[in-house]
Amino acid sequence: MDREEKPLFVMVDGSSYLYRAFHALPSLTTSEGAPTGAMHGVLAMLRRLVEDYPSEFLAVVFDPRGKTTRNEWYPQYKANRPSMPEELSSQVGPLLELIEASGFPLVQVDGVEADDVIGTLSARATAAGYRVLISTGDKDMAQLVDDDVTLINTMDNSLLTPDGVMKKFGVRPNQIIDYLTLVGDTVDNIPGVPKVGPKTAVKWLTEYDSLDALVANAEAIKGKVGENLRASLEDLPLSKRLVTIIKDLDLGVTLTHLRPATPDPVRLSQLFQNFEFTSWLKDLKGDATVSAPQDVTADNYETILNEADFDRWLKTLSGADQMAFDTETTSLFYTEARVVGMSFAVAPGAAAYLPLAHDYPGCPQQLDFDQCLERLKPLLEADKPGKVGHHLKYDRNVLLNHGVKLGGIEADSMLESYVLNSTASRHDLDSLALKYLDHNTTHFEDVAGKGAKQITFDQVPLEQAAPYAAEDADISLRLHEFFQSRLADKRSLKQILDDLEVPLIPVLSKMETTGVLIDADLLGKHSQELEQEMTTLAKVAFEEAGETFNLGSPKQIQHILFEKQGLPVKSKTAKGQPSTSEAVLQELAEDYELPRLILEHRSLAKLKSTYTDKLPQQVSDATGRVHTSYHQAVAATGRLSSSDPNLQNIPIRTAQGRRIRKAFIAPPNHLLLAADYSQIELRIMAHLSGDEALVNAFNEGLDVHRATAAEVFAAPGEEVGEEERRAAKAINFGLIYGMSAFGLARQLKIERSAAQQYIERYFERYPGVRNYMDDIRETARAQGYVETIFGRRLYLPEINARNAQRRQYAERTAINAPMQGSAADIIKRAMLAVDAWLNENSPQSRLIMQVHDELVLEVPRSDVEQVSKSIAKIMSAAADIKVPLTVDCGWGANWDEAH
């Protein structure tokens, strides 16, 4: 019988699928924070496989729990493998349920590895006249390939036949066992021959054909590699036994039992619902009651190339209550980006792309750019229709380059995802489409290419560009509708979104496009001085080390510190080498000079490369200013982050960091006004804990650190010295960040027992704080999330983790997140109020920066006192809590003077 006439038997290496889905696909979670990415990925791959390769027989094989036969042969087998991550192991049981409920025959044999189960079943199937297709990513399986057995890699759909094995590995399938024996496997702890890699193994097997023949001629192998071979001869039989897949096991499973069954709709429905696989649930139920989007198809996408189509779409958009909108541009950097085209959608599946500036050989005629923009401008600037999009702040910034101020921003699917669950997923369009719509979008690289060969969007042919662009608008609208249904019963989250995050888009856009002035000459001088300081530090470090070395090389630092100078190893890297991380060097610097010098040099190098060298290069030619990007959907707690440049990381406690702030300057006849919340997170702790002593200290206007010192050290406030106040400050801030007695002892350079006594006294004096910490941990364990004062949620998927280190980190986060998140909410509320006040009362003043708990404004010199008083009042009123929100204001010709 010809091979193609034989019936097909499909076997799936489920364990290979599991790890591939976990590591290669987006990390998905439910809205409650439970991980589901591996489950979704494995099931999706299985469904695709059986659709592409329908077969009467199927086996989905998984490794068993615990040890296997090979551990009996060799106790060190797989000893180097790290334990399965908690977020993966928690998905294994539910995944097996999903597989069985889907009707896929599941095989898992105690004490027997999946490879051996597949090897045995494969041998039986071919003997019974079947051709076998094994779906796996495991290279060891290549030894099973023959005329009737083929491997498929579902990540790229590549097939591995006997010729394919030869092409990929350089040896025949019947030589793979010998090949694996020689090479060994560090992950599985299979010895092999030291220093023998694939090239040497192929060379030997090409010359000698088999391992037995090679061993017989071992004396003829020259050089160090020959010595290694001869030294390994006793180990080779064990290595060969470990890599050989067993084909004759008694599994207690017959081939006739391995037929796909009818899926269990009741069980699947419950599982899909539990894990929020909404698209599959909709397919299963086939009714309109399930909140899931329709299948995404480009069938109804249009490309607008003539006046009639443009008129029709303009009329449709003008009459719509809501429209999805997206721009395609020449650059990711909004300061230099120009519009290439725009896409619109008014209903799921009803989307269009308006190309305006594509330019490549053979490009079709497009409508006039200026005329289209002029006709679209009133629509884009109007409050209605409401605009829906994904990361609309970027689109607003780019349109401003063309004199269009995007108005009526109603919803942003990026922010909807973020507010719903900040830690559930990445919040880019592609990840969200896959997670929530079960749809693989066309990626930018699919149409524009990658790396050095990537082209700008104006060069992408319209037949590719139009569906890609229209899909963006369509998916944004579908995601918006999906998120609205999910937020419908979450009132506080809906308010965070509608009253805070979405209204903040135009405020941040205005700040970004305004930018900030810098003194490039001052930074240039600073760079030169830093270079001189670094040179001096390097000379001293070389003298201390007794030789020159690269201060930026962890490997050379490792050699100097631990091998040459014999400093104590504080921690190790994943590869078992002594760590030279910043935390390690800081610990060593307390007792040794060279680590201190390296740290200081590293700090100056970072300041120089990140700020003094780079900031002048980031000045826009168009505006003469530096323009950062503020990110609303990055920090899990709700805080804003910034990039290009990152304004949040400029050090303020060092003279060098303050010098960088001097380079941020006011324009002529203006001053920079800095308004900073004082000790806002401690004040929020007082509010959340309700601790009487802490609340009273703030309400009475006391120096809270001095007050804490008086309580902890049982001394009258006037007798508290600076040392005691410093210790109390470390306790106040340390405890809200979950600092242990060990950490406090290190920071204060005291004995651990003394630090523990400080903490115990603190809790005795502030029992409300201890009660709050205990209660919030319990709340987090019970519901899986914590909330800010305003109802923003932070999910903590590892709060009940079995791994103590991960669980304790989640517990520390549970304590701190409500404070950090509430502070973030408060300053965002303040930004909205300040922007509204400026528009009405001081239009010449402008918000230009937000850094941590501080707002920075450019204010006309003549208005600064009045604006300062008003801003302080507005910011203080941004939240109604049990203690005053104190705002410190200052101003000056530069940012440093304003403090």
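None of these values were measured; they are calculated from a predicted model.

Under the defined criterion, the tally for this structure stands at 21 aromatic pairs. Note on Phe 57 and Tyr 130: the rings are 5.2 Å apart at their centroids and 75° apart in plane angle, and the pair reads as edge-to-face. Pair noted here: Phe 57 is in strand β2 (residues 57-61) and Tyr 130 is in the loop between α5 (114-127) and β4 (131-135), with a separation of 73 residues, a long-range link. The same class applies to Phe 57 and to Tyr 130, which are both buried.

Our focus in this paragraph is the sheet that holds strand β5 (residues 149-153). On the basis of which strands lie adjacent, the open sheet formed by six strands has the order β3-β2-β1-β4-β5-β6 and mixed pairing. Of all strands in the sheet, those bounded by a partner on one side alone are β3 (106-107) and β6 (158-160). On the sheet, helix α1 (residues 14-24) packs against β1 (8-13), β2, β4 and β5 and is oriented at approximately 50° with respect to β1. Across the sheet, α5 is in contact with β1, β2, β3, β4 and β5; its angle to β1 comes to roughly 175°.

In this section: the state of the cysteines. Note on terminology: disulfide describes a covalent bond linking the sulfur atoms of two cysteines. Evaluation of the coordinates by the stated rule reveals zero disulfides. In this structure Cys 372 is a free cysteine whose sulfur lies 14 Å from that of Cys 363, the closest cysteine sulfur available.

Below, the discussion takes up the packing of helix α30 (residues 704-712) against helix α31 (residues 722-736). The packing of two helices is summarised by the inter-axis angle and the distance between the axes. Where α30 contacts α31, the two axes come as close as 8 Å, and the packing angle between them is 100°. Judged by the angle between their axes, α30 and α31 are roughly perpendicular. Between α30 and α31, the contacting residues are Val 704, His 705, Arg 706, Thr 708, Ala 709 and Val 712 on the first element and Glu 722, Glu 724, Arg 725, Ala 728, Lys 729, Ile 731, Asn 732 and Phe 733 on the second. Tallied by class, residues from the contact of α30 with α31 come to six nonpolar, three polar and five charged.

In contact at an axis separation of 9 Å, helix α28 (residues 680-689) and helix α35 (residues 804-841) are set at 115° when each is read in the N-to-C sense. Considering only the axes of α28 and α35, their crossing is right-handed. Facing α28, whose interface residues are Ile 680, Glu 681, Ile 684, Met 685 and Leu 688, α35 presents Asn 816, Pro 818, Met 819, Gln 820, Ser 822, Ala 823 and Ile 826. Of the residues belonging to the contact of α28 with α35, the class tally is eight nonpolar, three polar and one charged.

What follows covers the pattern of salt bridges. With the rule as written, the count across this model stands at 46 salt bridges. The salt bridge involving Glu 100 is made with Arg 267; its shortest N-O contact spans 3.8 Å. Taken as a pair, Glu 100 in helix α4 (residues 86-101) and Arg 267 in helix α12 (residues 265-274) lie far apart in primary sequence, 167 residues in all. Looking at Glu 100, the relative accessible area reads 44%, which means it is partly exposed. Lys 564 is the salt-bridge partner of Glu 547, the closest N and O atoms lying 2.9 Å from each other.

Let us now look at the pairing of strand β10 (residues 350-355). Counting buried residues along β10, five of its six residues qualify, which places the element largely inside the surrounding structure. Where strand β7 (residues 302-303) and β10 come together, two bridges link them in parallel fashion. Looking at the pairing, Glu 302 lines up with Ala 352 of β10. Where strand β9 (residues 339-347) and β10 come together, six bridges link them in antiparallel fashion. If you follow Ala 347 over to β10, its bridge partner there is Ala 350. The antiparallel pairing of β9 with β10 creates a hairpin that spans two residues between the two strands, and Gly 349 there sits at a positive phi of about 90°.

In terms of nonpolar packing, the biggest core is built from 168 residues, with Met 342, Phe 664, Tyr 677 and Ile 871 touching the most fellow members. When neighbours within four sequence positions are excluded, Ile 871 is seen to be in contact with Leu 673, Ala 675, Val 834, Trp 837, Leu 838 and Leu 857. Membership of the second largest hydrophobic core comes to 54 residues, among which are Val 165, Val 243, Leu 251 and Val 253.

All right, on to the sheet that holds β9 then. Ordered in space as β7-β10-β9-β8-β11-β12, the six strands form an open sheet in which the pairing is mixed. Taken across any chain shown, the strands that pair with only one partner, and hence form the sheet edges, are β7 and β12 (409-412). In this sheet, strand β11 (residues 386-389) lies alongside strand β8 (residues 322-329) in parallel orientation, the contact comprising three bridges. Of the residues in β11, the one forming a bridge with Ala 324 is Val 388. Packing of helix α15 (residues 369-381) onto the sheet brings it into contact with β8, β9, β10 and β11, and relative to β9 it is tilted by some 45°. Packing against the sheet, helix α16 (residues 392-400) makes contact with β8, β9, β11 and β12, and its axis sits at approximately 65° to β8.

Scoring rules and cut-offs
- Residues numbered from 1 in each chain as written.
- Predicted model: local features only at pLDDT ≥ 70, side-chain atom pairs only at ≥ 80, totals over all residues.
- Heavy atoms only, no water.
- Phe/Tyr/Trp six-rings, centres within 6.5 Å; stacked < 30°, edge-to-face > 60°.
- Helix = DSSP H or I, 4+ residues; strand = E, 2+ residues; numbered from the N terminus.
- Buried < 20%, exposed > 50% of the residue type's maximum accessible area, 1.4 Å probe, protein only.
- Pairing = 2+ DSSP bridges.
- Contact = heavy atoms within 4.5 Å.
- Axes fitted to C-alpha atoms, helices over the stretch in contact; angles between N-to-C directions.
- Disulfide = S-S within 2.5 Å.
- Parallel < 35°, antiparallel > 145°, perpendicular 65-115°, else oblique.
- Nonpolar A, V, L, I, M, F, W, Y, C, P; charged D, E, K, R; others polar.
- Left-handed = near helix turned anticlockwise from the far one by under 90°.
- Salt bridge = Lys/Arg side-chain N within 4 Å of Asp/Glu carboxyl O.
- Core = buried A, V, L, I, M, F, W, Y, C linked by side-chain atoms within 4.5 Å.

Remember that the coordinates give geometry; whether it matters functionally is a separate question.
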